[in-house]
Amino acid sequence: MITDDDLLLYYYRDGLEADERARIGAALAAQPELARRLHTLVARLDAAAALPEVPVPEHSQQRWHAALESAAVQTRAAPAPRRTFTSPRWLALAATVTAIALGLTIYQGMKRPETPIAENPPIESPGASASAEDPAYERGLKWHLASTERQLASLGEATPEARARLVEAIISQNRMYALAAERAGEPQLARVLRSFTPILQDVAEGKGETSASDIAQLNFEMRIMQARLKAGAPSQTL
Amino acid sequence: MLTLLKSWAEPDAFQAVLNERSVRWYNACLRITRDPDLAADAVQDALLKAWNRRDEFRGEAELSTWIHRIALNAAIDLTRRRKTRAEEELDPEAFEAPPTSSAESAYTSEALGRDMTTALERLTNKERQIFLLKHVEGWRLDEIAESTQTNIGSVKNALFRAVHKLRVDLKLWRGES
């Protein structure tokens, strides 16, 4: 007795012992009806699996290209010396990112002081590793904040087009880390990350005047966050 | 060959592969996740990992295959983490395909494409993913077991359940007994 399951595994050339494979192979050679059964089964499964392809959404394509562009910029920028940057607006932005990174470092350190922190963490998709228990998520978040700081420092040299692409990439990453923070049960962190987005958008569009108060507000919130983190308050109650 | 090897370190060459192959990657991930955002996240995850290891690839085919596989793994992982449907937490054995009312009322020839898709959608997430990984992507059972964090026996069982449901649905559509 040869079942359809056996036939399928034979077709896949996987999951059968050698002697079983030989037995089914011999049966298929000797019984045309059995061979037809396998052919019909595979044809049905092929039909079920043959879904039409859909085009990639334009915004996804743009996001992938921006992410690659951002990764390439970081690769190029990594060995280069840090450039002194003078724009007060971007200095404030960099300060805010640094403050967030500092706050997170303190926060994560308080949560799990035994967790070692990799010095050169790999780039991780936060969506793929969004768990409060996953060190890759923390490493990715810290990497993101550190790289954002570096990228903001290099914006002054960039052309308007390159600057817009870079900011878009940062915003895209920010969005994913906010989502990851939410999934990890850290709504406060998600909110802070999201509140950074409109300021970055202003930078991309060259609206300096509206950013100053927002940056000040963010810095204020970061100081409160850090103070409460030092006091040991859970993030959800911040 | 040397030129090819060197070219992967250049962003433009990498972007060119993205332009050429991204539809395949995205659709493969979309079939696994059934969620456009998760599928896009999975592809991005794979792209960034591939960029970090770009010097290891020896040609476009190898790079594309690698990204395809990593993206699928990311898609499986993302779907597992999301867990939007409560039944996914429970024993898939308890969730058989909903009964089809009758062959003549449920299926018409115009709806062939839709019903083929529906047949796939009647599977649980686990069954659908395992069926696609095996039948479409050609992964080995042990690779599927590793990626879906289960054992080969469970993979086989889920595959057989999927095949049974698909076979029944398609038979009904064709009016076969």
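Residues numbered from 1 in each chain as written. Chains lettered and ligands numbered in written order. Predicted model: local features only at pLDDT ≥ 70, side-chain atom pairs only at ≥ 80, totals over all residues.

Next up on the list: the overall build of chain A. The secondary structure content of chain A amounts to 9 helices and 0 strands. Starting at the N terminus and ending at the C terminus, chain A contains elements arranged as α-α-α-α-α-α-α-α-α. Here chain A holds 238 residues, and the buried ones make up 32% of them. Contacts spanning at least 24 positions in sequence make up 67% of the contacts within chain A whose residues lie at least 6 apart. (Helix = DSSP H or I, 4+ residues; strand = E, 2+ residues; numbered from the N terminus. Buried ≥ 20, exposed ≤ 12 C-beta atoms within 10 Å, placed from the backbone. Contact = placed C-beta atoms within 7 Å.)

Below, the discussion takes up the environment of Leu 166 of chain A. Structurally, Leu 166 of chain A is set in helix H7 (residues 160-183). Through-space distance from the C-alpha of Leu 166 of chain A to that of Ser 70 of chain A is 6.1 Å; in sequence the pair is 96 residues apart.

Turning next to the interface of chain A and chain B. Taken together, the 36 residues of chain A in the interface contact 41 residues of chain B. Secondary-structure elements contributing two or more residues to the side of chain A that touches chain B are helix H1 (4-12), helix H3 (32-49) and helix H4 (58-77) of chain A. With 10 residues, H4 of chain A is the largest single contributor of residues to the side of chain A that touches chain B. Across the side of chain A that touches chain B, the residue classes break down as 23 nonpolar, 7 polar and 6 charged. (Nonpolar A, V, L, I, M, F, W, Y, C, P; charged D, E, K, R; others polar.)

Residues and elements named next belong to chain A. Viewed as axis vectors pointing N to C, H1 and H3 meet at an angle of 75°, and their least axial separation amounts to 10 Å. By the angle class used here, H1 and H3 are roughly perpendicular. Between H1 and H3, the contacting residues are Asp 4, Leu 7, Leu 8 and Tyr 11 on the first element and Arg 37, Leu 38, Leu 41 and Val 42 on the second. Residues that form the contact of H1 with H3 fall into these classes: 6 nonpolar, no polar and 2 charged. (Axes fitted to C-alpha atoms, helices over the stretch in contact; angles between N-to-C directions. Parallel < 35°, antiparallel > 145°, perpendicular 65-115°, else oblique.)

Residues and elements named next belong to chain A. Of note in the backbone geometry, Arg 13 takes a positive phi value of approximately 55° without being a glycine. By the element assignment, Arg 13 lies in the loop between H1 and helix H2 (18-30). On the basis of neighbour count, Arg 13 is assigned to the exposed category, with 10 C-beta atoms found within 10 Å.

On to the confidence of the model for chain B. All names here are of chain B. In this model, chain B carries an average pLDDT of 77, and 69% of its residues clear a pLDDT of 70 or more. Mean pLDDT across the elements of chain B bottoms out in helix H5 (residues 103-106) (36) and peaks in helix H8 (residues 141-147) (95). In this model, residues 1-6 is a region of pLDDT below 50 whose contacts with residues beyond four sequence positions or in other chains number 2 contacts. Of the regions scoring below 50 in pLDDT, residues 85-113 engages in 21 contacts with residues more than four places distant in sequence or in other chains. As a predicted assembly, this complex carries a pTM of 0.54 together with an ipTM value of 0.74. (pLDDT = per-residue confidence, 0-100.)

Residues and elements named next belong to chain B. Membership of the largest hydrophobic core comes to 62 residues, with the highest contact counts inside it found for Cys 29, Ala 42, Val 43, Leu 47, Ala 71 and Ala 75. With 10 residues, the top contributor of residues to this core is helix H3 (residues 36-52). The residues contacting Ala 75, other than those within four sequence positions of it, are Cys 29, Ile 32, Thr 33, Leu 38, Ala 39 and Ala 42. (Core = buried A, V, L, I, M, F, W, Y, C linked by C-beta atoms within 7 Å.)

We now examine helix H2 (residues 11-33) of chain B. Residues and elements named next belong to chain B. The end-to-end C-alpha distance of H2, which contains 23 residues, comes to just 28 Å, noticeably less than the 33 Å that a straight helix rising 1.5 Å per residue would cover. Along H2, the helix axis deviates most sharply at Arg 21, where the bend reaches about 60°. Among the residues of H2, Phe 14, Leu 18, Ser 22, Trp 25, Tyr 26, Ala 28, Cys 29, Leu 30, Arg 31, Ile 32 and Thr 33 are the ones counted as buried. Following H2 by one or two positions, Arg 34 adopts a phi angle in the positive range, close to 60°. (Expected span 1.5 Å × (residues − 1). Bend = angle between axes of the 7 residues up to and from the residue.)

The subject of this paragraph is the environment of Glu 137 of chain B. All names here are of chain B. Turning to its location among the elements, Glu 137 is positioned in the loop between helix H7 (125-136) and H8. For Glu 137, a count of 17 C-beta atoms within 10 Å corresponds to the partly exposed category. Spatially, the C-alpha atom of Glu 137 lies 8.6 Å from that of Ala 28, the residues being 109 residues apart in sequence. With near-sequence residues (within four places) excluded, Glu 137 lies in contact with Leu 72 and Leu 132.

All names here are of chain A. Here chain A shows a mean pLDDT of 68. Residues at 70 or above account for 40%. Within chain A, the lowest mean pLDDT, 53, falls on helix H9 (residues 211-230), and the highest, 95, falls on H2. Here residues 232-238 is modelled with pLDDT under 50, and outside its nearest four sequence neighbours on either side it reaches 12 contacts, counting other chains as well.

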